[in-house]
Amino acid sequence: MIAEAKVWECDRLLSDLNPEQREAVVSLDKPLLVLSGAGTGKTKVLTTKIAYIVNGGFGFPYQILAVTFSNRAAGEMKTRLAELTGNVDGIWLGTFHSICARLLRFHAKSVGLDQDFTILDADDQLKIIKQILRESNLDGKMAAGILHTISRWKDKCYRCDDKSIDGASLDGKIYKKYQERIRSYDSVDFGDLIMYVIQLFAENDDLLQKHRNKFRFILVDEYQDTNMSQYFWLRMLSPTGMGLCCVGDDDQAIYSWRGAEIGNILRFEKDFPQSKIVRLERNYRSDGHILGAAASIIAHNKRRLGKTVWTEGNMGEKVFVQCAYNGFDESKLAADKIQFLHQRNVKYAAMAILVRAGFQTREFEERLLAYGLPYRVIGGLKFYDRREIKDIIAYMRLVHQPNDSLSFERIVNIPKRGIGASVMSRLHQYAAATGTSLYQSAKHIVATNDLRPSAKKSLADFVAMIDNFREITEPQPTKLAQRILDETGYITDLKKTVEGASRLENLRELLVALEDFDTLKTFVEHISLVTDSIRTNDGDVVSIMTLHSAKGLEFDAVFLVGWEDGIFPHNLSLQDENLEEERRLAYVGITRAKKYVFISYAMNRRVYNQWQSNLPSRFLKELPLEHIVSQNFCISNMI
DNA sequence: ACTTGCTTGGTTTTT
DNA sequence: CCAAGCAAGT
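About the criteria used
Residues numbered from 1 in each chain as written. Chains lettered and ligands numbered in written order. Predicted model: local features only at pLDDT ≥ 70, side-chain atom pairs only at ≥ 80, totals over all residues. Heavy atoms only, no water. Core = buried A, V, L, I, M, F, W, Y, C linked by side-chain atoms within 4.5 Å. Buried < 20%, exposed > 50% of the residue type's maximum accessible area, 1.4 Å probe, protein only. Helix = DSSP H or I, 4+ residues; strand = E, 2+ residues; numbered from the N terminus. Contact = heavy atoms within 4.5 Å. Near = heavy atom within 4 Å. Polar contact = N/O pair within 3.5 Å; in protein donor to acceptor, adjacent residues only side chain to side chain. Nonpolar A, V, L, I, M, F, W, Y, C, P; charged D, E, K, R; others polar. Expected span 1.5 Å × (residues − 1). Axes fitted to C-alpha atoms, helices over the stretch in contact; angles between N-to-C directions. Parallel < 35°, antiparallel > 145°, perpendicular 65-115°, else oblique.

K.L.:
Looking at this model, I keep getting lost on the nonpolar core. Mind explaining?
P.N.:
For soluble globular proteins, nonpolar side chains are generally found buried alongside one another. The biggest cluster of nonpolar side chains holds 64 residues, and the ones touching the most others in it are Leu65, Ile129, Tyr178, Leu193, Val220, Tyr223 and Trp233. With eight residues, the top contributor of residues to this core is helix H9 (residues 190–203). When residues no more than four places from it in sequence are discounted, the contact partners of Tyr223 are Leu33, Tyr231, Leu234, Cys246, Val247, Gly248, Asn264, Ile265 and Phe268. With 48 residues, the next largest nonpolar core counts Ile389, Val412, Ala481 and Leu510 among its residues.

K.L.:
What's the story with the protein's contact with DNA strand C in this structure? I'm lost.
P.N.:
As a structural note, the neighbourhood of DNA strand C is formed by Lys130, Tyr608 and Asn609. At a separation of 3.1 Å, a phosphate oxygen of DNA strand C approaches a polar side-chain atom of Lys130.

K.L.:
Mind showing me how you'd approach the side chain of Asp221 here?
P.N.:
If you trace the backbone, Asp221 turns up in the loop between strand E6 (217–220) and helix H11 (228–237). The exposure class of Asp221 is buried, given its relative accessible area of 4%. A distance of 3.0 Å separates polar atoms of two side chains, one belonging to Asp221 and the other to Lys42. Not counting chain neighbours up to four residues away, the residues in contact with Asp221 comprise Lys42, Leu46, Val67, Thr68, Ala73 and Val247.

K.L.:
What am I meant to see in the protein's contact with DNA strand B here?
P.N.:
Around DNA strand B, 24 residues are found, and the nearest of them are Asn71, Gly358, Lys416, Thr546 and Ser573. Thr546 has a polar side-chain atom sitting 2.3 Å from a phosphate oxygen of DNA strand B. Tallied by class, residues from the surface near DNA strand B come to six nonpolar, 12 polar and six charged.

K.L.:
Would you mind going over helix H4 (residues 71–85) with me for this structure?
P.N.:
Each turn of an α-helix holds 3.6 residues, which means side chains three or four residues apart point in the same direction. With 15 residues, H4 extends 21 Å between its outermost C-alpha atoms, agreeing within 8% with the 21 Å of an ideal straight helix rising 1.5 Å per residue. Where the residues of H4 are buried, they touch helix H3 (42–55), strand E2 (64–68) and strand E3 (92–95). A positive phi of about 75° marks Gly86, the residue just after H4.

K.L.:
Could you clarify how one ought to interpret the packing of helix H17 (residues 387–400) against helix H21 (residues 453–471) in this entry?
P.N.:
Pairs of packed helices are described in terms of their axes, by the angle between the two and the distance that separates them. Contact geometry for H17 and H21: axes closest at 9 Å, N-to-C directions at 75°. On the basis of the axis angle, H17 is roughly perpendicular to H21. Facing H17, whose interface residues are Tyr395, Leu398, Val399 and His400, H21 presents Phe462, Met465, Ile466, Phe469 and Arg470. Of the residues in the contact of H17 with H21, the class split is seven nonpolar, one polar and one charged.

So, in structure tokens, the structure goes:
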């Protein structure tokens with residue numbers, strides 16, 4: 001009876017899929033690579049596969065590990081899975097980093113970390129490196145570059161004593177110091193999250209075996225974006241690839257500059273000789289001409305596994321290629337089309353302007369503003385990057401984990417309490433000498449007569465205040481945040497400044513977001529791993545964003561702007577291997593569209609207030625004439 | 001502590 | 001060119 005119900009349930013799940021999708025779902029006995037072209041239903045396959053495993057009785061939810069690259073993808077999978085099965089409990093579903101954080105919390109002691117370790121963000125990392133540089137009398141401006149180098153090393157799973165690293169080089173030396181420093185803070189960065197878990201498994205075989213047995217099914221989304229560390233991590237959990245199912249699209253690998261190794265997906269068959277590859281090539285998103293244009297462009301790449309995306313849908317509109325006289329005119333072309341489409345009942349929210357680099361958004365913003373068209377810039381300044389948000393979060397982190405010295409340092413004098421550089425250097429000295437945190441040091445120093453009376457009192461008051469906040473057992477984050485804002489005088493301080501109003505607005509938004517959390521602990525963990533902006537529902541507005549942040553999204557109409565050599569492909573990416581990645585970016589851009597693609601370029605453009613004439617993007621020549629309509633529409637209202 | 005003037009760089013961005 | 005970040009001065 002039960003078996004029968006299950007069979008029926010599985011049939012229902014599978015009936016909704018095309019043959020290739022079905023094969024990808026049903027195949028459980030081999031290492032599986034699902035090559036999933038744009039718009040071919042990869043999330044559907046992943047979620048159905050999970051449902052199939054559970055409902056078909058092949059495994060229990062807690063035996064399934066599903067890893068995604070971004071929080072957005074994890075969230076979407078959760079939603080879709082809930083729709084499909086109504087229940088997602090027990091499944092280990094999350095980003096590489098959140099899953100590693102979870103594992104590491106359980107076993108922190110085994111790698112010598114405190115269970116309450118803090119997770120650093122890029123800002124924290126940069127601060128620490130600047131600190132180290134300054135101590136060595138070196139220029140702090142090098143910090144960003146060094147951080148980049150260290151991050152890439154960590155993506156490759158190189159520890160600071162790794163033989164591949166020249167320990168005598170500046171970067172190598174800073175890496176060592178940096179690692180020492182963050183360890184002493186009981187903190188880890190994003191790279192560490194993966195590396196520590198690898199270390200944990202390498203040093204504790206029983207633990208590794210336990211997890212190998214536990215996770216019988218490992219599903220990996222966006223496999224083309226994994227870095228070496230993540231690859232090693234996966235191979236530890238599934239050395240033979242049995243139960244492993246990687247889904248990805250080598251043609252959409254656009255994050256190599258961040259350590260992603262497209263080689264991981266290209267090498268899959270070699271890594272797992274018993275493996276099977278399923279290609280999802282049937283596209284359900286874009287009309288024929290759009291798909292044809294995208295396919296022709298990507299066919300120019302050499303390093304790819306190769307697949308041909310097709311559709312049964314109609315050919316639709318051809319890709320519209322336009323030349324503008326200059327950048328101003330280009331924005332006008334887009335705005336006019338947006339207006340036109342909207343009159344034809346295309347929603348603003350179904351349209352997007354995709355740029356190569358952040359600075360390009362301004363021209364389009366100005367134009368849409370002038371036209372009175374609603375828009376939103378996605379990406380750019382992140383909600384959690386705002387000063388006031390980071391301040392209040394630092395308070396909350398310090399309340400949760402008093403030894404979080406970075407948070408301590410951030411807010412000890414915010415609002416101003418008269419605790420300046422001299423007090424801080426005294427604290428640092430003490431902390432270094434005793435091997436304790438700044439908070440602990442403050443507690444000790446306050447009991448001595450080392451500080452001038454006023455500073456001593458300020459510091460004592462500060463410590464007492466934090467302790468006071470801590471005494472609220474398991475505080476609800478909203479309430480705690482409200483108290484912090486009131487009792488520290490943060491709000492009062494804010495009201496004195498001009499931009500205070502908008503900052504207050506942001507804080508209010510944060511308080512609302514905080515209501516989703518029951519405990520401070522869950523919030524702090526969440527905030528460390530999620531740096532995405534709070535998704536505000538702006539309603540029916542046009543999206544402006546970079547090509548990178550458009551990945552995974554879809555729109556009826558897509559405006560691909562600035563297709564000029566030097567802008568796109570970008571100046572710094574004109575060498576061969578980088579050019580392939582730029583081309584993938586073009587592929588990603590075109591395949592975001594369901595019905596309309598407008599590509600434009602400008603003959604003249606002002607860059608850093610200097611007029612330059614760029615050649616049309618070399619990618620334009622790769623668009624076959626049968627799929628495009630070209631119009632040299634050179635207007636100018638500026639000259 | 002806050003201002004001022006100088007230098008410098010100005011792809012992509014998630015975790 | 002313009003914004004940000006920093007060193008030095010009030």
